[in-house]
Amino acid sequence: MIESIIGIFRNQAREHKLIKAFYYNRNYELGSGKDAYPLFWLEDPVRGSNRNNTFTNSVDFSILFTPVSDESVSHLQNLAFSAGLNIIERIKRDCDTLGIWITPDWDYLTLRDYYDDNACGCRFSVNFTQANMQNLCLIDEQFDEDKEFGENELLKNFDLSPANTCEVFVNKFPDFELKTRKAP
């Protein structure tokens, strides 16, 4: 399901004539200086909940530009709003094909001097619903009643009696003698 959500937004960004790049990542990766603008940034995490076999999901995405002057910021914010609105309306128009239905409670926020690239644009928060796509006939295929958890070693074993007389303790914990008090 998560990959289908990412795929829907990636495809909308790819097909939009204005947008040159798509990213799905955490916000702290934004503004690295290596991004291609104008870009579509789908934020991780995607949020969701289940009610009566219908998923209600929320995503945040930004359409971003890099301005050449302070005067162009409002123009680029307007352009970003228009691109984001086009994407939302296109998804709403193709909802039966895409399998998601955008709820009418989405909102936007204008951005200026955003992250290290000093980008500007608009950030959208969109809620949508999806039907539960789980094939209920295959649920039993996902479980094994005889399965047991394996035991994992917490520490690697090391040989206590090496073959030669020289002993090298490569797996031994370091011994630090840190002073915690002043000597008398």
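Attention here is on the structure that accompanies the text. In this text, all values refer to a predicted model and were calculated from it rather than measured experimentally.

Definitions and cut-offs
- Residues numbered from 1 in each chain as written.
- Predicted model: local features only at pLDDT ≥ 70, side-chain atom pairs only at ≥ 80, totals over all residues.
- Heavy atoms only, no water.
- Helix = DSSP H or I, 4+ residues; strand = E, 2+ residues; numbered from the N terminus.
- Buried < 20%, exposed > 50% of the residue type's maximum accessible area, 1.4 Å probe, protein only.

**Focus on unusual backbone geometry**
Argument step 1. Looking along the chain, the bond that leaves Tyr 37 and enters Pro 38 is cis, with omega of -5°.
Argument step 2. For Pro 38, the location among the structural elements is in the loop between β1 (21-25) and β2 (39-43).
Argument step 3. With phi around 60°, Tyr 115 is a residue other than glycine that occupies positive phi space.
Argument step 4. Looking at the element boundaries, Tyr 115 is found in the loop between β6 (107-114) and β7 (119-131).
Argument step 5. Residue Tyr 115 is classed as partly exposed on the basis of its relative accessible area of 34%.
Argument step 6. A positive phi angle, close to 55°, is found at Asn 118, a residue other than glycine.
Argument step 7. Position of Asn 118 among the secondary structure elements: in the loop between β6 and β7.
Argument step 8. For Asn 118, a relative accessible area of 42% gives the class partly exposed.

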